[in-house]
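# Structural overview
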Amino acid sequence: MQRWRGLEAVPSGWGRSVVTVGVFDGVHRGHQQLIGRAVERGRQRGLPTVLMTFDPHPAELIRPGSHPARLTSLRRRAELVAGLGVDAFCVLPFTAELARTAPAEFAHEVLVERLHAADVVVGRNFTFGHRAAGDVALLAELGQRFGFGVEGLDLITDDGITFSSTYIRACIDAGDVEAAAAALGRPHRIEGVVVHGDQRGRELGFPTANLSTPPFTALPADGVYAGRFGIDTVDGRSRLLPAAISVGTNPTFSGRVRSVEAYVLDVEEDFYGFEVALDFEHRLRGQERFDDVEALIVQMNLDVERTRELLGG
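Please read these numbers as outputs of a predicted model, since none were measured by experiment.

With that settled, the discussion passes to the overall build of the chain. Looking only at helices and strands, the chain features 10 helices and 14 strands. For the chain, the spread of C-alpha atoms along the three principal axes comes to 70 × 40 × 35 Å. Taking the contacts inside the chain whose residues are at least 6 apart along the sequence as the reference set, 72% of them involve residues at least 24 apart. Counting only carbon and sulfur atoms, one obtains 49% of the accessible surface of the chain, whose full area is about 14900 Å². Each charge class in the chain can be summarised by its mean position, and for the 33 positive and 42 negative side chains these summaries are 5 Å apart.

Next up, the structure:
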């Protein structure tokens, strides 16, 4: 899959293509249906499929300070859509100039002149252009004028729940990682670099990997979770290891800084400096403050055993 940042990165000889446009944060089941339809149309027409997304999130530029929690990094998004058959991943920097672009100008300059769209596949709630003045109906009108087809797909629902990035963020914020996984089609993942912590876990007999995560990362509610610790080692191996994961401020020790720590089951390795991933599969309990260290250790042992039961570790 080709990866472009900015329209100037589109190859000069790029021909016609099928395009799908959106933020696609999470690449959830609704996104997967949309992308799958674009790929299907591309294959039917013998054309490559281009997925265009934006960075930063449009909300941050339009309403500074309102950047939603990020479900997937751009790198992770690219990995996921490549697995769905997309041929080119185009990141369009969302600037003040782009935000002021009229819908017709966006359709002509971006979709026609740069990406040579033969078809455009979007969600039924898609909006574009200055002040989100364009919708699917207007895009279809512009398609007739400029020579591309348009298909707007309804969002996926299940038991009355519409799968959206907003819904998934709410699930994660509440600690309901299983509901989030049902909507994503996989466990919610965060990524970060293992950094030095206060070494308290090692002193308690549970050495943990402390993650430093990028800004806006969608962290689950404070508590303890069963999940997987993913790492690509220097010898090229990819491993996904069972782990008990803690998110919170360590109230037993009067902590104030929110942190993410993973105790990797039955592995004694130095992960410092590695970029790793954490997949959240089950919530074990909320954050608690214990009266003494001994009570905390008893509970941590229970958390580890429950993690083993759930993950088969």
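For the rest of this paragraph, the subject is the packing of helix H5 (residues 103-114) against helix H6 (residues 136-146). At a minimum axis distance of 10 Å, the contact between H5 and H6 shows a crossing angle of 55 degrees. Compared by their axis directions, H5 and H6 come out oblique. The hand of the H5/H6 crossing is right-handed. Of H6, the residues touching H5 (which contributes Pro103, Ala104, Ala107, His108, Leu111 and Val112) are Leu138, Leu139, Leu142, Arg145 and Phe146. Residue composition of the contact of H5 with H6, grouped by class: nine nonpolar, one polar and one charged.

Moving on, we get to the pattern of salt bridges. When the charged atoms of two side chains lie near each other, side chains of opposite charge can form a pair. Going through the model one piece at a time under the given rule, you end up with 20 salt bridges. Ionic pairing is found between Arg41 and Asp119, a salt bridge with its closest N-O pair at 2.8 Å. Placement of Arg41 in helix H1 (residues 29-45) and of Asp119 in strand S5 (residues 117-123) is noted, with a sequence separation of 78 residues between them. With a shortest N-O distance of 2.6 Å, Asp119 and Arg45 are connected by a salt bridge. Of the two residues, Asp119 sits in strand S5 while Arg45 sits in helix H1, which places them 74 residues apart along the sequence. On the basis of relative accessible area, Asp119 is assigned to the buried category, the value being 2%.

On inspection of all chains with the given rule, the structure shows seven aromatic pairs. Geometrically, the ring pair formed by Phe106 and Phe128 is tilted, given 6.0 Å between the ring centres and 45 degrees between the ring planes. Taken together, the residues span a long stretch of sequence, with Phe106 in helix H5 and Phe128 in the loop between S5 and H6 at a distance of 22 residues. With a centroid separation of 4.8 Å and 50 degrees between ring planes, the pair formed by Phe229 and Phe271 is classed as tilted.

As for its position among the elements, Ser66 is in the loop between helix H2 (58-62) and helix H3 (74-82). With 198 residues separating them in the primary sequence, Ser66 and Val264 have C-alpha atoms 34 Å apart. In this view, Ser66 contacts Ala59 and Glu60; residues no more than four positions away in its chain are not counted.

In this section: H5. Relative to the 16 Å expected for 12 residues at 1.5 Å per residue, H5 spans 15 Å between its end C-alpha atoms, a close match to the ideal helical length. Phi turns positive one or two residues past the end of H5, at His116, with a value near 50 degrees.

The predicted structure's coordinates, where accompanied by low pLDDT, should not be read in detail. On average, residues of the chain carry a pLDDT of 91, and 94% of them reach 70 or more. At the low end of the mean pLDDT range in the chain sits helix H9 (residues 200-203), at 59; at the high end sits strand S2 (residues 17-21), at 98.

Sheet architecture is open: six strands sit in the order S1-S4-S3-S2-S5-S6, paired in parallel fashion. Looking at strand neighbours, the two that pair on one side only are strand S1 (2-5) and strand S6 (149-153), the edges of this open sheet. Across the sheet, the axes of successive neighbouring strands diverge by a mean angle of 20 degrees, strand direction being ignored. As defined by bridge partners, S1 adjoins strand S4 (residues 88-93) across four bridges and the pair is classed as parallel. Bridge pairing in S4 links Trp4 to Cys90. This element, H1, spans S2, strand S3 (49-55), S5 and S6 of the sheet and lies at about 160 degrees to S5.

Glancing now at unusual backbone geometry. Excluding glycine, residues mostly carry a negative phi; peptide bonds, for their part, are mostly trans. Here the bond from Asp55 into Pro56 is cis, since omega is 0 degrees, no more than 30 degrees from zero. Counting through the fold element by element, Pro56 comes out in the loop between S3 and H2. The backbone phi angle of Arg131 is positive, close to 55 degrees, even though this residue is not glycine. Note that Arg131 resides in the loop between S5 and H6. Even without glycine at this site, Phe216 takes up a positive phi of about 75 degrees. Topologically, Phe216 is positioned in the loop between strand S10 (209-212) and strand S11 (223-232).

Cut-offs applied
Residues numbered from 1 in each chain as written. Predicted model: local features only at pLDDT ≥ 70, side-chain atom pairs only at ≥ 80, totals over all residues. Heavy atoms only, no water. Helix = DSSP H or I, 4+ residues; strand = E, 2+ residues; numbered from the N terminus. Contact = heavy atoms within 4.5 Å. Areas by Shrake-Rupley, 256 points an atom, 1.4 Å probe, with all protein chains shown as cover. Lys, Arg positive; Asp, Glu negative; His and termini not counted. Charge placed at Lys NZ, Arg CZ, Asp CG, Glu CD. Axes fitted to C-alpha atoms, helices over the stretch in contact; angles between N-to-C directions. Parallel < 35°, antiparallel > 145°, perpendicular 65-115°, else oblique. Left-handed = near helix turned anticlockwise from the far one by under 90°. Nonpolar A, V, L, I, M, F, W, Y, C, P; charged D, E, K, R; others polar. Salt bridge = Lys/Arg side-chain N within 4 Å of Asp/Glu carboxyl O. Buried < 20%, exposed > 50% of the residue type's maximum accessible area, 1.4 Å probe, protein only. Phe/Tyr/Trp six-rings, centres within 6.5 Å; stacked < 30°, edge-to-face > 60°. Expected span 1.5 Å × (residues − 1). pLDDT = per-residue confidence, 0-100. Pairing = 2+ DSSP bridges.

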